[in-house]
Amino acid sequence: MARKTYDDIDYEALYNELRLINIPVLILDKGWHDMFWEGKPKEIQKLEKELTTALKGQGKVKNDREELNNLKKVLMKQILENMDAEENSAASKKVEKSRQLIDEINDKLILLEDRQLDLPEEIQDANARLMMAGMREVLSTTVQNTEDIEELETEIQEMKAELKAKILLRVQKIEENEVVYKYLNKTVGRGFVRKYEEYLKS
């Protein structure tokens, strides 16, 4: 079997691989938000909302289950308190109504349990889609940044070489001036040298 190369990898393969990585919930991760220097594009914002909705759904399912279980306890207590009620009495009808409500609650709890089982995968999917879109956005920038950095590095090296040459030229000219001024100032005097310089400038 031929070895898989990077050229063979497509979005689906990357996405499936990413889902196996234990990444944090991105919207709760400061590092995620710090990557977007110039703000987030609309696609990222949309995917963040989808992840937020999935997370809120998980919290809502938990709250709904707690509320239904608490109501079920109250109804069970009412049934136990009215177990000895005479048939067709108000208390007996209350027991029957409580039993019907418990059956409805049980049906809702089953649906909520199914939903609760589905939500982690939905959150994982939404998180992975968000990461894929985010990586496309930021890595497109880093690829361009890397190209720019290489160009700037070349320019900087050229500028350094040019600057070094200019520094050497400056030192050379300073040394030339020092030799000339030292000799002339000693030979004809500093005042005469200045007068002659003014004559050259005129």
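This one's a predicted model, so the numbers in the text were calculated from it and none came from an experiment. (Residues numbered from 1 in each chain as written. Predicted model: local features only at pLDDT ≥ 70, side-chain atom pairs only at ≥ 80, totals over all residues. Heavy atoms only, no water.)

Visitor: I'd like a description of the overall build of the protein chain, backed by residues and values.
Guide: For the protein chain, the helix and strand inventory stands at 5 helices and 0 strands. Element order for the protein chain, N to C, with α for helix and β for strand: α-α-α-α-α. Since a compact globule built from 202 residues should have a radius of gyration of about 17 Å, the 40 Å found for the protein chain marks it as more spread out than a globular shape. The C-alpha extent of the protein chain, read off along each of the three principal axes, is 140 × 55 × 25 Å. Residues classed as buried in the protein chain amount to 18% of the 202 residues present. The long-range fraction of contacts in the protein chain, counting pairs at least 24 apart against all pairs at least 6 apart in sequence, stands at 73%. Summing over all exposed atoms, the protein chain offers an accessible surface of approximately 16,500 Å²; the carbon and sulfur share of this is 55%. When the 34 positive and 42 negative side-chain charges of the protein chain are each reduced to one mean point, those points stand 9 Å apart. (Helix = DSSP H or I, 4+ residues; strand = E, 2+ residues; numbered from the N terminus. Rg over C-alpha atoms; globule rule 2.2 N^0.38 Å. Buried < 20%, exposed > 50% of the residue type's maximum accessible area, 1.4 Å probe, protein only. Contact = heavy atoms within 4.5 Å. Areas by Shrake-Rupley, 256 points an atom, 1.4 Å probe, with all protein chains shown as cover. Lys, Arg positive; Asp, Glu negative; His and termini not counted. Charge placed at Lys NZ, Arg CZ, Asp CG, Glu CD.)

Visitor: Account for the nonpolar core, naming residues and giving values.
Guide: Of all hydrophobic cores here, the largest spans 18 residues; its most connected members are Trp32, Ile44, Leu51 and Leu130. Put simply, the parts of the chain that give this core at least two residues each are helix H1 (11-19), helix H3 (42-81) and helix H4 (90-187). Ranked by residue count, the leading element in this core is H4, at 8 residues. Not counting the four nearest positions on each side in its chain, Leu130 is found in contact with Leu26, Ile27, Trp32, Ile44, Leu47, Glu48 and Leu51. Counting residues in hydrophobic clusters, the runner-up holds 10 residues, among them Leu68, Val95, Leu109 and Leu119. (Core = buried A, V, L, I, M, F, W, Y, C linked by side-chain atoms within 4.5 Å.)

Visitor: Go over the pattern of salt bridges with me, naming the residues and quoting the values.
Guide: A complete count under the given rule lists 11 salt bridges for this structure. Measuring nitrogen to oxygen at the nearest pair gives 2.6 Å for the salt bridge that ties Arg115 to Glu122. Exposure remark for Arg115: the relative accessible area of 34% places this residue in the partly exposed category. Via salt bridges that share partners, Arg19, Glu121 and Asp125 belong to a single interconnected network. (Salt bridge = Lys/Arg side-chain N within 4 Å of Asp/Glu carboxyl O.)

Visitor: Pulling in residues and values, what's your account of the environment of Val61?
Guide: By the secondary structure assignment, Val61 is in helix H3. Here Val61 falls in the buried class, since its relative accessible area comes to 5%. As a C-alpha pair, Val61 and Glu197 span 136 residues in sequence and 93 Å in three-dimensional space. Those residues within four positions of Val61 in sequence are excluded, and the remaining contacts are Leu112, Arg115, Gln116 and Leu119.

Visitor: Before we move on, can you summarise the confidence of the model for the protein chain with the specific residues and values?
Guide: Taken over all residues, the pLDDT of the protein chain has a mean of 88, while the share at 70 or more is 93%. Counting interchain partners and residues more than four positions distant, the pLDDT-below-50 stretch residues 1-6 has 2 contacts. (pLDDT = per-residue confidence, 0-100.)

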